[in-house]
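The lines below spell out each chain.
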Amino acid sequence: VIASPAAPARAVVEVIHAALSFEDIASQGGGDGGRSKRTTITNATNGSVSGTASAQQLGVRRRLVVRGRGSNERRIPFTVPRWAAQVEIDVAMDPAGWGRFTDFGATVFDALGRIVTRSPLNYAHERIDTPVDPQGGDLPLELVLVPGFADAPAGDDVPWEVEIDIRLYEDDASPRSPATPSVPFSLDAGGSEAVVLPAGAAGRNGNAREADPGFWPLYRVQVETGGRRWLHEPAGTPP
């Protein structure tokens, strides 16, 4: 909460911890097309929790670890499918290692070498968020990482590692309109339950979203409990 330079401000901030934690979604019986989905929900409170859960597919997701050495750039190509309208990329490293860098460039280029968006790391974690328009066809993009070491040229041979999380969202997904029927659950304090969500969480157009190898379905799980709604975006696991 930041006051304006010209006047003081008062604010009331309320923080409410999520009542539940979630695991990634797995398909029942293997595969994703038309299969039911399973996610494990764990009660994170000291009392009992009951409610309902539902899910829908928002798009696709790819997680990977990128390793490099020195200030040499690393390039991560990926393709935005024709159905996608939004790209989000998280770039994260161990905060303990951030002090070695003065900057860490993270830029997305298109196939012609034009900058689509850039968001250099100001700390050990940064999010790149940009709308895209594949215009009826797949859109090849490339994430380029350019580390800048504080101690150059001594840092030119230092290894580094970052975690990349690429998420591609369809344009008409909405948590207010889940694609699966709501499933009831009830958990004691600290308890866990594998909740099976009926088939149908395959995007609002009814079909699983196609994407490059290495991408898996990205879901939004919506849980209603105690008059509150909690949202989580777990990735689907490989069949």
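Refer to the preceding data block for the structure.
Residues numbered from 1 in each chain as written. Predicted model: local features only at pLDDT ≥ 70, side-chain atom pairs only at ≥ 80, totals over all residues. Heavy atoms only, no water.

Asks: Before we move on, can you summarise the environment of Leu64 with the specific residues and values?
Replies: Residue placement: Leu64 occurs in strand β4 (residues 49-69). Between the alpha carbons of Leu64 and Val162 there is a distance of 8.6 Å; along the sequence they are 98 residues apart. (Helix = DSSP H or I, 4+ residues; strand = E, 2+ residues; numbered from the N terminus.)

Asks: How would you explain the sheet that holds strand β10 (residues 139-149) if you had to name every residue and give the values?
Replies: Here we have 4 strands laid out as an open sheet, ordered β5-β10-β7-β8, and antiparallel in their pairing. Here the strands that pair on one side only, and so sit at the sheet edges, are β5 (74-80) and β8 (115-118). Within the sheet, the average angular offset between the axes of one strand and its neighbour, ignoring direction, is 25 degrees. Across 9 bridges, the pairing between strand β7 (residues 101-110) and β10 is antiparallel. Of the residues in β10, the one forming a bridge with Asp103 is Gly148. (Pairing = 2+ DSSP bridges. Axes fitted to C-alpha atoms, helices over the stretch in contact; angles between N-to-C directions.)

Asks: Provide a residue-level description of the nonpolar core, including the pertinent values.
Replies: Core analysis: the biggest nonpolar cluster contains 31 residues, and Phe78, Ile89, Leu143, Leu145, Ile164 and Leu168 have the highest contact counts within it. Looking at this core, the elements with two or more residues in it are β4, β5, β6 (84-92), β7, β10 and β11 (159-170). Examining the composition of this core, we find that 5 residues originate from one element, β11, more than from any other. Setting aside residues up to four positions removed in sequence, Leu143 forms contacts with Arg74, Arg75, Ile76, Phe78, Ile89, Ala106, Thr107, Val108, Ile128 and Ile164. (Core = buried A, V, L, I, M, F, W, Y, C linked by side-chain atoms within 4.5 Å. Buried < 20%, exposed > 50% of the residue type's maximum accessible area, 1.4 Å probe, protein only. Contact = heavy atoms within 4.5 Å.)

Asks: Tell me what's going on with the side chain of Arg167, and back it up with residues and numbers.
Replies: Along the chain, the position of Arg167 falls in strand β11. The class for Arg167 is buried, based on a relative accessible area of 3%. Here the side chain of Arg167 touches Glu88 through a polar contact of 2.8 Å, side chain to side chain. A distance of 3.2 Å separates polar atoms of two side chains, one belonging to Arg167 and the other to Asp165. (Polar contact = N/O pair within 3.5 Å; in protein donor to acceptor, adjacent residues only side chain to side chain.)

Everything listed here is a matter of coordinates, which is why it stays silent on function.
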